[in-house]
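Breakdown of the fold
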Amino acid sequence: MIRLPNAGRIAAGVLLTAACAGSKAATEPTPVIPPPPGHAVEVWMTTADGVKQLSHERDATLGAGTQPAGTAITVDPTQQYQEIVGFGAAITDASAWLIQNRMSASQRDALMQELFGRNPGIGLSFTRLTIGASDFSMHDYSLDDMPAGQSDPTLAHFSIDSNRPYLLPTVKQAYAINPALAIMASPWSSPGWMKTTGSLIKGTLTDSGYPALAEYLRRYVKAYEAEGLPIFALTVQNEPHFEPENYPGMSLPPASRARLFRDHLGPLFAREGIRTKLLDWDHNWDQPESPLAVLADTAARKYVGGVAWHCYNGDVSAQGQVHDAYPDKETYFTECSGGEWSPAYADNLRFFVGTLVIDATRNWAKGVLLWNLALDENHGPHLGGCADCRGVVTIDSRSGAVTRNVEYYALGHASRFVRPRAHRIASSSGVEGVKTVAFLNADDGSKVLVVINTAPLERTIVVHVGTEAFNYVVPAGAAVTFHWG
């Protein structure tokens, strides 16, 4: 709250008393200077040119009274929607390897505190792990590899030892810094011996692969739990409609996913009392009919906790379409990467804040995840697939120096202020090119409004909250977070 400091008022009174000592005026009461009306609204801004990046600007003042003409935004904390899990990025093998092997201990501790800590960290509270290798790993592997032609139906060779050198230490440090961290996980492929190709590359599950994959995922959850890392949610297959040519992947159409949920994974987790959420899809916005087909299977549906989405094709409104059909199923946004195919800072800021932070949560996402938390100056390490992806941060592989990319600031506009268990609340959006989303924190009742001005001109916005309001001039293309008690 902005008030005249008490010390200033006391000092003024002391001077007045001293000046009037021995006079009649000295017996008169010291005048009290009233504080300005209203209370403070913190303002944090990133400009389209990147000159200001999550910069703490002069506070606005929320109060009663006349406001200037401007774009009217109404925030209504009494209208509450989904509970928020958090915002973050995937701790891929590549990210963890860089953090553990290309940074000094002091560099690593500083970066992890900055990413997952609060005040002054950005407080990332949601992350994603790969179950076995992805395209951002050092080599192809699963957690139960067998020689060609051999299988392991009892999973006697299952082990997470491949995660111990760099992935587990990184995840454990993140979780220690932020115990509210929600960890989800996704396989890029089941072990090759469960598949029609006998390989991590391409193929789909064999008939015997369904119960084996269910047990594989159960063992993964229990193994991580034994390491002190609870798995909040699982998807059964990353991008199940895509079979990559040069890194692990697997086709798993809707009927196959429904079969896995209905006949194997769902009943197994229920019998074992495993509370990890099971999420379907984990693929793009352009094919909502695929998760809808899984959810149409009533026996499978009772085991599916929600639907996960990626950004690479389609429109974010697909999330709302599926939510409207099955409003009891949760929504998560689980992957999007920046890259050198889109070098313009302003375009990236508009997309990552406007589409992912704002539109994805307005379309019911409880959490928003970007892809690699960290990559190096060569966009790796990686096995195949994307050769020019960009991490949330870039770690120089020679010096360990950190570059914070536009994705870092886009996430920070939400993650630094919106805490787990917050609720999205009503806010008007899209008026004169000003997009917004608002949240109410559960722990202290503070409010957060994230704004991006997509118009080519600056906008004076007037934010109405009940009978009070504040105004602010938002530059063209700028993202702004407002935070108040």
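Computed from a prediction, not measured in an experiment: that's the story for all the values here.

**Some remarks on empty space enclosed by the protein**
Taken as a whole and assessed by the stated rule, the structure comprises two cavities of 30 Å³ or more. Volume-wise, the largest cavity comes out at about 40 Å³. Taken together, C336, S337, G338, L370, W371, N372, R390, G391, V392 and E407 form the lining of the largest cavity. Ranked by the residues each element gives to the lining of the largest cavity, the list is headed by strand β12 (residues 365-372), at three residues. Here the residues of the lining of the largest cavity are counted per class, giving four nonpolar, four polar and two charged. For the second largest cavity, the full set of lining residues is V307, W309, Q319, V322, H323, Y326, K329, E330 and T331. Elements with a minimum of two residues in the lining of the second largest cavity: β9 (306-310), α9 (317-325) and β10 (330-335).

**A few points about the layout of surface pockets**
Estimated volume of the largest pocket: approximately 410 Å³. A182, I183, P230, I231 and F232 are the residues nearest the centre of the largest pocket, which is lined by 24 residues in total. Put simply, the parts of the chain that give the lining of the largest pocket at least two residues each are β6 (182-187) and α5 (209-226). Here the element with the most residues in the lining of the largest pocket is α5; it accounts for three residues. Considered class by class, the residues forming the lining of the largest pocket number 13 nonpolar, three polar and eight charged. One number sums up the size of the second largest pocket: a volume of about 290 Å³. Taken together, 20 residues line the second largest pocket, and the ones lying closest to its centre are D135, E239, Y247, Y312 and E335. Residue composition of the lining of the second largest pocket, grouped by class: 10 nonpolar, seven polar and three charged.

**Notes on the packing of aromatic side chains**
Throughout the structure, instances matching the rule amount to 16 aromatic pairs. Taking the centre distance of 5.6 Å and the plane angle of 90° together, the rings of F158 and Y216 count as edge-to-face. Of this pair, F158 sits in the loop between β5 (126-131) and α4 (167-177) while Y216 sits in helix α5, and the two are 58 residues apart along the sequence. Judged by its relative accessible area of 15%, F158 falls in the buried class. Centroid distance F351 to F352: 5.3 Å. Interplanar angle 80°. Geometry classified as edge-to-face. Given the relative accessible area of 28%, F351 is considered partly exposed.

What counts and how
Residues numbered from 1 in each chain as written. Predicted model: local features only at pLDDT ≥ 70, side-chain atom pairs only at ≥ 80, totals over all residues. Heavy atoms only, no water. 1 Å grid on protein atoms, 1.4 Å probe; cavity = no way out; pocket = protein on both sides within 12 Å on 5 of 7 lines; lining within 4 Å. Points joined across faces, edges and corners; volume = space filled by probe spheres on them. Helix = DSSP H or I, 4+ residues; strand = E, 2+ residues; numbered from the N terminus. Nonpolar A, V, L, I, M, F, W, Y, C, P; charged D, E, K, R; others polar. Phe/Tyr/Trp six-rings, centres within 6.5 Å; stacked < 30°, edge-to-face > 60°. Buried < 20%, exposed > 50% of the residue type's maximum accessible area, 1.4 Å probe, protein only.

Don't take any of this as a statement about function, it's just geometry.
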